Amino acid sequence: MSSALTGLSPHPIVQAPMAGGVSVPQLAAAVCEAGGLGFLAAGYKTADGMYQEIKQLRGLTGRPFGVNVFMPQPEYAESGAVEVYAHQLAGEAAWYETELGDPDSGRDDGYDAKLAVLLDNPVPVVSFHFGVPSPEALEALRRAGTFTLVTATTAEEARAVERAGADAVIAQGVEAGGHQGTHRDVAENDGSGIGLLSLIAQIREAVSIPIVAAGGIMRGGQIAAVLAAGASAAQLGTAFLTTPESGAHDQHKQALTNPLFVRTELTRAFTGRPARGLVNRFLREHGPYAPAAYPEVNHLTAPLRKAAAKAGDAQGMALWAGQGHRLARELPAGRLVEVLAAELADARTALSSLPGPGGDRR
């Protein structure tokens, strides 16, 4: 099974699927053509929108690629908390001269329709975020020839991934930018995330399926470290945000290395689910009061984020970024894959030259 994963691309480098218009076909194609595994993000798109991007990507590369799908979310009972938060955001709406979004705009992100498209028009790889698909869905994808991955943030979640029949698990450390892919959004667990290297060790002892490591990885030496820890590949998101092929807003790209933004933080301010982003005004002012209500809060703030981006106001945008954001490099995506692969090779050479337990070279 590990060979099935590593056989998808020459390099053990996966470009993370970043929703919201970042992981566009041009980015995924450039990564694939350079020997990595590129990904499209179906999150927040319609099933047809996803299908059109798949068709576009197939026109750009003949190499294997992946598509990421968000799992449907359970009903949120405390609508009063969302109403209170909407009242708090009224000043933001007035400032950006826009209306707040409808928090009841849908909970399933078109999951069933997207799964139907992926079964009718199979792609090489499909990954899932925010939960575990049914064993029947995973088996159907397997019969269609699709390799499946599911995100886990704990060893317990990884066991659930293996039980359901996924081909591999994405171990997402707390360092990762964007949304944590927890299977259940429990507010009491906020702040209890596990660092990537510890998480890999725990998941490696908990399951037998291959592991893709994700969280704060920006250099080839870090890829070597997670491979040595037991992962079969590394998934990088923030590292690809600043590439010219990325669909990220220019303000977002610039903020990653702007001294004005010195740190990241997990916040519910923009979407109601814990997501790591650069600390800006919106996060500071609203993060402490945002309820655990996804996707209601995401729908609510969508017009605000769009208006802030249109105004070029980074202080009102969701600037998703991993903890390694200051290491971002402005390189074309294909060149970045090449540099990471070269750094990985150098790190492996250095590791193999270290003395073994008996003093001999490894």
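What counts, and where the lines are drawn
Residues numbered from 1 in each chain as written. Predicted model: local features only at pLDDT ≥ 70, side-chain atom pairs only at ≥ 80, totals over all residues. Heavy atoms only, no water. Helix = DSSP H or I, 4+ residues; strand = E, 2+ residues; numbered from the N terminus. Rg over C-alpha atoms; globule rule 2.2 N^0.38 Å. Contact = heavy atoms within 4.5 Å. Areas by Shrake-Rupley, 256 points an atom, 1.4 Å probe, with all protein chains shown as cover. Lys, Arg positive; Asp, Glu negative; His and termini not counted. Charge placed at Lys NZ, Arg CZ, Asp CG, Glu CD. Buried < 20%, exposed > 50% of the residue type's maximum accessible area, 1.4 Å probe, protein only. Expected span 1.5 Å × (residues − 1). Bend = angle between axes of the 7 residues up to and from the residue. Pairing = 2+ DSSP bridges. Core = buried A, V, L, I, M, F, W, Y, C linked by side-chain atoms within 4.5 Å. Phe/Tyr/Trp six-rings, centres within 6.5 Å; stacked < 30°, edge-to-face > 60°. Right-handed = clockwise from strand over helix to strand, strands pointing away. Axes fitted to C-alpha atoms, helices over the stretch in contact; angles between N-to-C directions. Parallel < 35°, antiparallel > 145°, perpendicular 65-115°, else oblique. Left-handed = near helix turned anticlockwise from the far one by under 90°. Nonpolar A, V, L, I, M, F, W, Y, C, P; charged D, E, K, R; others polar.

The next point concerns the overall build of the protein. Regarding its fold elements, the protein presents 15 helices and eleven strands. Relative to its length of 362 residues, the protein is compact, with a C-alpha radius of gyration of 20 Å against a globular reference of 21 Å. Each principal axis of the C-alpha distribution contributes one length, and for the protein these read about 65 × 45 × 40 Å. Long-range contacts, defined here as pairs at least 24 residues apart, represent 68% of the contacts in the protein between residues at least 6 apart. Roughly 15,100 Å² of accessible area belongs to the protein as shown, and the carbon and sulfur atoms make up 52% of that amount. Within the protein, the 37 negative side-chain charges are centred at a point lying 7 Å from the centre of the 29 positive side-chain charges.

Position of Leu37 relative to the elements: it lies in the loop between helix 2 (25–33) and strand 2 (38–41). Assessed through its relative accessible area of 4%, Leu37 is described here as buried. Taking the C-alpha atoms as reference points, Leu37 and Gln15, 22 residues apart in sequence, are found 6.1 Å from one another. Each residue touching Leu37, except ones within four places of it in the same chain, is listed here: Leu8, Ser9, Ile13, Val14, Gln15, Val31, Cys32, Pro64, Phe65, Gly66 and Val125.

For an α-helix the count is 3.6 residues per turn, leaving residues at separations of three or four pointing the same way. Its 16 residues give helix 14 (residues 296–311) an end-to-end C-alpha distance of 24 Å, which sits within 8% of 22 Å, the value for a rise of 1.5 Å per residue. Where helix 14 bends most, at Ala302, the angle is about 40°, and the proline Pro303 comes one to four residues later. Buried residues of helix 14: Glu296, Val297, Asn298, His299, Leu300, Thr301, Leu304, Ala307, Ala308 and Ala309, and no others. In this fold, the buried residues of helix 14 make contact with helix 4 (79–88), helix 5 (90–96) and helix 13 (281–286). In the segment just after helix 14, Gly312 is the residue with positive phi, at about 70°.

This part covers the sheet that holds strand 7 (residues 178–179). Taken in spatial order, the three strands make up an open sheet running 7-11-10, and their pairing is antiparallel. Of all the strands in the sheet, just strand 7 and strand 10 (264–267) have a single pairing partner and so form its edges. One ladder, built from four bridges, connects strand 10 with strand 11 (residues 275–278); its direction is antiparallel. What sits directly across from Thr264, in strand 11, is Leu278.

Let us look at the environment of Leu344. Structurally, Leu344 is set in helix 15 (residues 333–352). Note: C-alpha distance between Leu344 and Gly220 (124 residues apart in sequence) is 4.2 Å. Excluding its chain neighbours within four sequence positions, the residues that come into contact with Leu344 are Pro12, Gly220, Ile223, Ala224 and Leu227.

Turning to the nonpolar core, a few remarks are in order. Grouped together as the largest cluster of nonpolar side chains are 102 residues, with contacts concentrated most on Val67, Leu118, Phe128, Val169, Ile223, Leu236 and Phe240. Not counting chain neighbours up to four residues away, the residues in contact with Phe240 comprise Ile13, Gln15, Met18, Leu27, Val31, Ser246, Ala333, Leu336, Val337 and Leu340. Judged by nonpolar contacts, the second largest core, of 13 residues, contains Leu37, Val125, Leu149 and Ala168.

In this section: the packing of aromatic side chains. For the structure on display, the rule yields six aromatic pairs. Ring pairing ties together the aromatic residues Tyr44, Phe70, Phe130 and Tyr294, which thus form one cluster.

With six of six residues buried, strand 3 (residues 65–70) lies mostly within the body of the structure. Of the two faces of strand 3, the one holding Phe65, Val67 and Val69 and the one holding Gly66, Asn68 and Phe70 are both buried throughout. Viewed along the sheet, the connection from strand 2 through helix 3 (residues 47–58) into strand 3 turns out right-handed. Pairing between strand 3 and strand 4 (residues 125–129): five bridges, direction parallel. Bridging from a neighbouring strand, Phe70 pairs with His129 of strand 4.

This part covers the packing of helix 4 against helix 14. Between helix 4 and helix 14, the least distance of the axes is 10 Å, while the angle of their chain directions is 20°. By the angle between their directions, the pair helix 4 and helix 14 is classed as roughly parallel. As for how helix 4 packs across helix 14, the hand of that crossing is right-handed. In this structure, helix 4 contributes Val82, Tyr85 and Ala86 to the contact, and helix 14 contributes Glu296, Val297 and Leu300. In the contact of helix 4 with helix 14, the residues fall into five nonpolar, no polar and one charged.

With that settled, consider the packing of helix 6 (residues 111–120) against helix 7 (residues 135–143). At their nearest, the axes of helix 6 and helix 7 sit 10 Å apart, and the two run at 25° to each other. Viewed along their axes, helix 6 and helix 7 adopt a mutual orientation that is roughly parallel. From helix 6, Tyr111, Leu115, Leu118 and Leu119 reach across to helix 7, where they touch Ala137, Ala140 and Leu141. Taken together, the residues of the contact of helix 6 with helix 7 break down into seven nonpolar, no polar and no charged.

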